[in-house]
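Fold and geometry: a report
Take a look at the letters that make up each chain.
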Amino acid sequence: MLSTEHQLALAHEHIVAGLRKRPAVASAPSLWEPFSKRLERHFPALLRELAKLYGERSDFLDFLEDLLAQAFDAWVARPADLRALDATREADPLWFQSQRMLGGVCYVDLYAGNLKGVQAQIPYFKELGLSYLHLMPLFRCPEGNSDGGYAVSSYRDVNPAIGTMADLRALAQALRKEGMSLVLDFIFNHTSNEHAWAQACARGDPAFRDFYYLFPDRTLPDQYDRTLREIFPDQHPGGFSQLADGRWVWTTFNSFQWDLNYGNPAVFTAMAGEMLAIANVGAEFLRMDAVAFVWKRMGTACENLPEAHTVIRAFSALVRIAAPSLLFKSEAIVHPDDVVRYISAEECQVSYNPLQMALLWNSLATREVNLLQQALENRHNLAPDTAWVNYVRSHDDIGWTFSDEDALHFAIQGFQHRQFLNRFFVNRFEGSFARGVPFQDNPATGDCRICGTSASLSGIEQGDPHAVERILLLYSVVLSSGGIPLIYLGDEVGALNDHRYLDDPAKAIDSRWVHRPPRSAERYAQRDRPESVPGKIYQGLRRMIAARSADPIFAGGRLTGFRAGSRSVLGYSRGEHGRHVLVLANFSDNAQRVPAHVMSAQPESARDLIMGGVHRLRDGLVMKPYQVLWLDCRR
């Protein structure tokens, strides 16, 4: 293991000397100079992380040199405009903390038909205010069921149904020209069983034999399964799937998604090459898929192991050298304590905020903000060089990822409460306004996860009179609490559940397709009609987006909790030093009073940044059902 400063210096000297002898370096001296400067700066971190994984191997330094040679090749191949962006972002590393950041996410085929169709939507994206566009998995995948594209057959080819790599590069460049960052998925825990590596592994090719976890019988799988959690129990029991020849392969998710073996350094090198190729297409963020599962160890749950973090930090250090404008977004739908461990400048600079998302829906169901208020006060604030990606809905199901320990502070029993939430959101609870669909439903235990669009879960599907206000309430928190707000495109016009997925055999087994409807031209055509439901939602969102983007007080991610004196009213403030914005949000379908005594430290009156009215504060406030206020408090 290389640990001392002297050993680090010797290793760096050895690697640089080896790289300089390579023809690619000798033929591109002008590109070697900036690469070598970043290599010198980030080499200690890269070496430290990789040595934890592979440092005991006799070929460790050779592996490291080959990895960095590949990184230099990627740097040479990187388009000039992306190298210029690298320099700009290195000079302004906190650029993503701007209040003007606003994300959108969609499936290419469902939203626009193909990549050229997405490019044609750029004027609309500008109208909405987007600065960040996440396109759901778009690389080549098996026909039929591919887990929505999360079973990748080739990272170097776009799914031909939606276009070509040239189309993707052109789209990335067009977005960048308009100030929008392209976000793509890096699916690095597993590949499709149709991937060339998987096919070679199955054939017994020595170069790929250890790329996956392949077992001749159930002996080792049985031992691993004793401590593994079943992720998709409807698909297969345990963590393994049997091949036609009787062998068993590790498949955390679906049987056609084979887990990669990062214990083999060749896997790290191969996936690093795919990652840098995606970066060179023009991605500015990578959504790091299934981060919790990438390392395996017998006798553990094989989730959130220290080596999983090490793998990601090593990838991040390599990116700082070869594509430094690229940022990582963590996708860890796990216990809140584990979610934050993936977030740092050295690992994933931004992260989905699954706790906030789940507790927003919890607060709608219960009409109480206790768990959400607690989470904002105790779990929201991150290091200043990182950010949450806050969202109301995503392509995935809703899992109730709150901490049972946090719930016990309010005498809430986690298991029973999750059962209530499941019943409420799939309309098995009297008086529910939600019309969700269960995912991985187990009627015997009451366990399931929830599918549904924001509109259908908020009551629009059944014509509830408060439905529009509920959607705007949820997005008001996402837009004001700090971080990068993300809109699942279609939410802004009230897209409803689409049960036509049941007519497609490849989708019918996965109820998550219910909340992935195709873009509705009819609903978008109504967005400028204020009397229509799509118009009410769209114009309400646009008012909040405009208020947020115009005010630097919403930059960054820090907030201060504010106890509003009502069990249904959420409160927090943004800003300090003489001015702050006090956010109040009523999660009840009844009027709620914010008493005068909790306003005693506030100014006499404040203007609402959303609607523009002035409110007297010292006498307290009466908030209408589902009302939201962003109060501009100046002293």
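Residues numbered from 1 in each chain as written. Predicted model: local features only at pLDDT ≥ 70, side-chain atom pairs only at ≥ 80, totals over all residues. Heavy atoms only, no water.

Here we come to the overall build of the protein. Helix and strand content of the protein: 22 helices and 25 strands. Here the C-alpha radius of gyration of the protein, 25 Å, is about what a compact globule of 635 residues would show, namely 26 Å. By principal-axis analysis of the C-alpha atoms, the protein measures approximately 75 × 55 × 45 Å. When burial is assessed residue by residue, the protein has 62% of its 635 residues classed as buried. For the protein, the exposed area adds up to about 24100 Å²; of that, 51% sits on carbon and sulfur atoms. Taking the 66 positively charged and 73 negatively charged side chains of the protein as two groups, their mean positions are separated by 5 Å. (Helix = DSSP H or I, 4+ residues; strand = E, 2+ residues; numbered from the N terminus. Rg over C-alpha atoms; globule rule 2.2 N^0.38 Å. Buried < 20%, exposed > 50% of the residue type's maximum accessible area, 1.4 Å probe, protein only. Areas by Shrake-Rupley, 256 points an atom, 1.4 Å probe, with all protein chains shown as cover. Lys, Arg positive; Asp, Glu negative; His and termini not counted. Charge placed at Lys NZ, Arg CZ, Asp CG, Glu CD.)

Oppositely charged side chains are able to pair whenever their charged atoms sit close together. Taken as a whole and assessed by the stated rule, the structure comprises 45 salt bridges. With its nearest N and O atoms 2.8 Å apart, the salt bridge here joins Asp-66 to Arg-22. Taken as a pair, Asp-66 in helix 4 (residues 60-77) and Arg-22 in the loop between helix 1 (5-20) and helix 2 (23-26) lie far apart in primary sequence, 44 residues in all. Accessibility expressed as a relative area gives 27% for Arg-22, which makes it partly exposed. One network of salt bridges, with partners in common, ties together Arg-48, Glu-49, Lys-52, Arg-313 and Glu-347. (Salt bridge = Lys/Arg side-chain N within 4 Å of Asp/Glu carboxyl O.)

With that out of the way, let us pick up the packing of helix 4 against helix 12 (residues 265-281). Close contact between helix 4 and helix 12 brings their axes to 10 Å; oriented N to C, the two are set at 10°. The angle between helix 4 and helix 12 places the two elements in the roughly parallel class. Every residue of helix 12 that contacts helix 4 at Phe-63, Leu-67, Gln-70, Ala-71, Ala-74 and Ala-77 is listed here: Pro-265, Phe-268, Thr-269, Ala-272, Gly-273, Leu-276 and Asn-280. When grouped by side-chain class, the residues that make up the contact of helix 4 with helix 12 number nine nonpolar, four polar and no charged. (Axes fitted to C-alpha atoms, helices over the stretch in contact; angles between N-to-C directions. Parallel < 35°, antiparallel > 145°, perpendicular 65-115°, else oblique. Contact = heavy atoms within 4.5 Å. Nonpolar A, V, L, I, M, F, W, Y, C, P; charged D, E, K, R; others polar.)

Through backbone hydrogen bonds, the strands of a sheet pair up, either in parallel or in antiparallel fashion. What the eight strands build is a closed barrel, ordered 1-2-5-11-12-13-14-17; its pairing is parallel. Taken pair by pair, the neighbouring strands of this sheet meet at an average axis angle of 30°, ignoring direction. Note: strand 5 (residues 181-186) against strand 11 (residues 283-288), five bridges, orientation parallel. Opposite Phe-186, over in strand 11, you have Met-288 as the bridge partner. Each of strand 14 (387-391) and strand 17 (484-488) touches helix 20 (residues 467-480); the most contacted strand, strand 17, lies at about 145° to it. (Pairing = 2+ DSSP bridges.)

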